[in-house]
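# Reading the structure
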Amino acid sequence: MDDSQLYQHLQELRQEIHLHNYRYHVLDAPLISDYEFDRLMNELRQIEAKHPEWITADSPSQRAGGAPSERFVKIRHPVPILSLSNAFDAKDARAWYERIRRLDDRVEHANFVVEPKIDGLTVVLHYQDGVFVRGATRGDGIVGEDITTNLRTLRTLPLRIPVKPDGPKPPHTFVVRGEAFITVHDFEELNRKLVEAGEKAYLNPRNTAAGSLRQLDPNLTASRPLTMLNYAIVIADGPIPTTQWATLEYLQQLGFPVTDTARLCSTVDEAIASYDDFVAQRDQLPFESDGMVIKLNDLMLSEELGVVGKDPRGAVAFKFQAREVTTRMRDIGVNVGRTGVLTPYAILDPVEVGGVIVKQATLHNFDYIAEKDIRVGDRVMIKRAGDVIPYVIGPITEVRTGQETPYEPPKTCPVCRQPVEHLPGEVAWYCVNAACPAQLIRNLEHFVSRGAMDIDGLGIKIVEQLVAAGLVRDFADLYTLKKEDLLKLEGFAEKKADNLLAAIAQSHSMPLARVINALGIRGVGEVGAADLARRFRDLDELSRASVDELQTLEGVGPNIAKGIVDWFARPANRNLLQKLHSVGIWPVETSAERGEQGANLPLAGKTFVITGTLPGLSREQAKELIQEQGGKVTDSVSKNTDYLIVGENAGSKLEKARSLGVQTLDEAGLRQVIGEKAKQRP
Ligand code: IVH
């Protein structure tokens, strides 16, 4: 290939790359793989390396950066780059229409284009004979900053038009206006990566886009996911469309990205009414939008209507309600959720966001406060979007006075003052005190639930009543409830009280697995509890297990094992266990479920019922003795009962046992069975 052929090839290569850039970044419909694309780019770079004199400003190779400039050169715009007047409701929008209708009759029959108002940064793009030669910020509308090198890095910006060989040709001098921005998705991704790399996250897409475009180092701009949408022709020295609708179409044909959510409305009523649709669409738009723009479709008419200050009369921004505001954060409070999670929240100088006065906003978690370096006294950016709970985006560090104080997460639960815990690998801090009043209701709800103690008729309402009345401060208190206390509660009559007490009493005989589950140890659910009950004979044995020992169980990893050990180590929980023991919630796992060990116990498979008062043993002691030897104690006599242990004042159970032929034993007999059998133990 001689030089002239190579030069020809270079031109074709550039054209091809421009087309693929356009297909990929604007149409989202690539024709070739990234790999093939990279090959084309490589070839281009090689030729340009051999012939630096052939490098042109519009070459695709020039997208990625260039030498950082000391400061931006000012550019005088060819015509003023106008702003927009605002309408904040339909009344304002109609008033705008009435004003221009009075100025010109033609407005009466005009149609309108509505477009999303993109919350980004105005860019003014100059083309000379189809080549992107200069790009500027809006500045004050008269003079902007030359950010050409930075703009070249935007993959959606055509460096040369037409991008399609068969596309229309633009006028020689052609200046287009658009909005540069970062999509919500790209912004979140960018922040995620920054936080992962231990860097500070950005506040919002708009500021990040603006900051990125005004970088002195274009390589930095190139690394930010900037994109743009175009909506106006600023000047042209050739024929251009005379309506806004046709302008959008024309720009698109030339290869400029334009919005796909514009709407042509034949009346102003239709335009104003479309506001509701735009609001509804707001969260689905890929970019942040702060309103919709209503534009007269007839651009000549618009031009003739002129401007008021910097605002053209022919268009109006119908704004959405603000979602972000700034205010001062007075302090940080901490909530304890019903799962024990501690959640910090900002206490704010009250501020209006989207029609609502916000006094508090979530800070998500303590890591978030640290990552964003949010300090008490900071001016903070608040966001309230749709159904989302207001949250603090971050501090405005530029306005710090030095009076702000860094925040230290609490070491103890703000409600019960017990130490809080942090699991490795988890962001949240927990209060793990089962008796913490903040968690008590939720913990009780779990304790009485089906898979746990299964106390019928003890729903959340009653749990709340019992806690509110101070009758129940922990699980054990349920078992010392008195009928007269219940009768004082609203909605409780004899029957309801009796039923509840009977249901509670019934739960006395729950096996170990149920009780372990009922304790609500984090990470230990129904299945885990059953596994633990197979390994440990009672809560005492379980409480003495080490992390290592627990980890030998299937499904118990280091976090859960540590959670269990920590739970039993806490004084408040030890206290609770003692109380449970004293009210008789102390199952001893004896059934065949305990596998080898359980099956070998002397009373394995035997079922006992106790009636009347035994002379030398309390009910519970007798129960314990039987369970220790592998026997099971149930409440009522049936044909499955092996022994009825009979004390003084035995009731109907004795009669029933006799009628069923169930063997009866007194205390001495029980001791004998246990003693004799115990001796037979292998
Ligand atoms: S039209 C004469 N259309 O909003 C043309 N502006 O608050 C006036 N903006 O400075 C602008 N999306 O940066 C227009 N679809 C859109 C827009 C839009 C965003 C920005 C633009 C302008 C600001 C006015």
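Rules and cut-offs
Residues numbered from 1 in each chain as written. Predicted model: local features only at pLDDT ≥ 70, side-chain atom pairs only at ≥ 80, totals over all residues. Heavy atoms only, no water. Helix = DSSP H or I, 4+ residues; strand = E, 2+ residues; numbered from the N terminus. Contact = heavy atoms within 4.5 Å. Pairing = 2+ DSSP bridges. Axes fitted to C-alpha atoms, helices over the stretch in contact; angles between N-to-C directions. Buried < 20%, exposed > 50% of the residue type's maximum accessible area, 1.4 Å probe, protein only. Arc of directions from axis to C-beta. Salt bridge = Lys/Arg side-chain N within 4 Å of Asp/Glu carboxyl O. Parallel < 35°, antiparallel > 145°, perpendicular 65-115°, else oblique. Left-handed = near helix turned anticlockwise from the far one by under 90°. Nonpolar A, V, L, I, M, F, W, Y, C, P; charged D, E, K, R; others polar.

## Details of the environment of Leu 296
- By secondary structure assignment, the location of Leu 296 is in strand β10 (residues 289-296).
- The sequence separation of Leu 296 and Asn 559 amounts to 263 residues, and the corresponding C-alpha distance is 64 Å.
- Setting aside residues up to four positions removed in sequence, Leu 296 forms contacts with Ile 100, Ala 110, Asn 111, Phe 112, Gln 244, Leu 301, Ser 302, Leu 305 and Gly 314.

## Quick word on unusual backbone geometry
- Located in the positive-phi region is Arg 417, a residue other than glycine, with phi close to 70 degrees.
- Non-glycine residue Asp 454 carries a positive phi angle of around 50 degrees.

## Re the sheet that holds strand β7 (residues 173-182)
- Strand order in the open sheet made by the 4 strands is β5-β4-β7-β8, with antiparallel pairing throughout. Across the chains shown, the open sheet's two edge strands, defined by having one partner strand only, are β5 (131-137) and β8 (226-236). If you compare each strand with its neighbour and ignore which way they point, the axes differ by 30 degrees on average.
- For strand β4 (residues 121-128) and β7, the ladder comprises 8 bridges, and the chain directions are antiparallel. Residue pairing in the sheet places Leu 125 in a bridge with Val 176 of β7.
- Against the sheet, helix α8 (residues 244-254) touches β7 and β8, its axis set at about 120 degrees to β8.

## Quick notes on helix α13 (residues 460-468)
- Taken as a whole, α13 has its buried residues at Ile 462, Val 463 and Leu 466. The buried residues of α13 occupy an angular sector of 105 degrees when projected down its axis, which confines them to one face. Exposed side chains of α13 directed beyond 90 degrees from the buried face belong to Lys 461 and Ala 468.
- Tucked into the core, α13 has its buried residues touching α12 (437-447), α14 (483-487) and α15 (494-506).

## Here's the deal with the pattern of salt bridges
- Scanning the entire structure with this criterion turns up 34 salt bridges.
- A salt bridge links Glu 288 to Lys 383; the shortest N-O distance between them is 3.1 Å. Of this pair, Glu 288 sits in the loop between α9 (268-281) and β10 while Lys 383 is found in strand β17 (residues 379-383), placing the two residues 95 residues apart along the sequence.
- Residue Glu 288 is classed as buried on the basis of its relative accessible area, which comes to 19%.
- A salt bridge links Arg 375 to Asp 373; its shortest N-O distance comes to 3.0 Å.
- Residue classification places Arg 375 among the partly exposed residues on the basis of a relative accessible area of 23%.
- For Asp 373, a relative accessible area of 27% corresponds to the partly exposed category.
- Salt bridges linked by common partners bring Arg 94, Glu 98, Arg 101, Glu 108 and Asp 269 together as one network.

## Thoughts on the packing of α12 against α13
- Contact geometry for α12 and α13: axes closest at 10 Å, N-to-C directions at 135 degrees. The orientation of α12 with respect to α13, classified from their angle, is oblique. As α12 packs across α13, the resulting crossing turns out to be right-handed. Residue-level inspection shows Leu 440, Ile 441, Leu 444 and Glu 445 of α12 in contact with α13, the latter providing Ile 460, Val 463, Glu 464 and Val 467.
- Of the residues assigned to the contact of α12 with α13, the class counts are 6 nonpolar, no polar and 2 charged.

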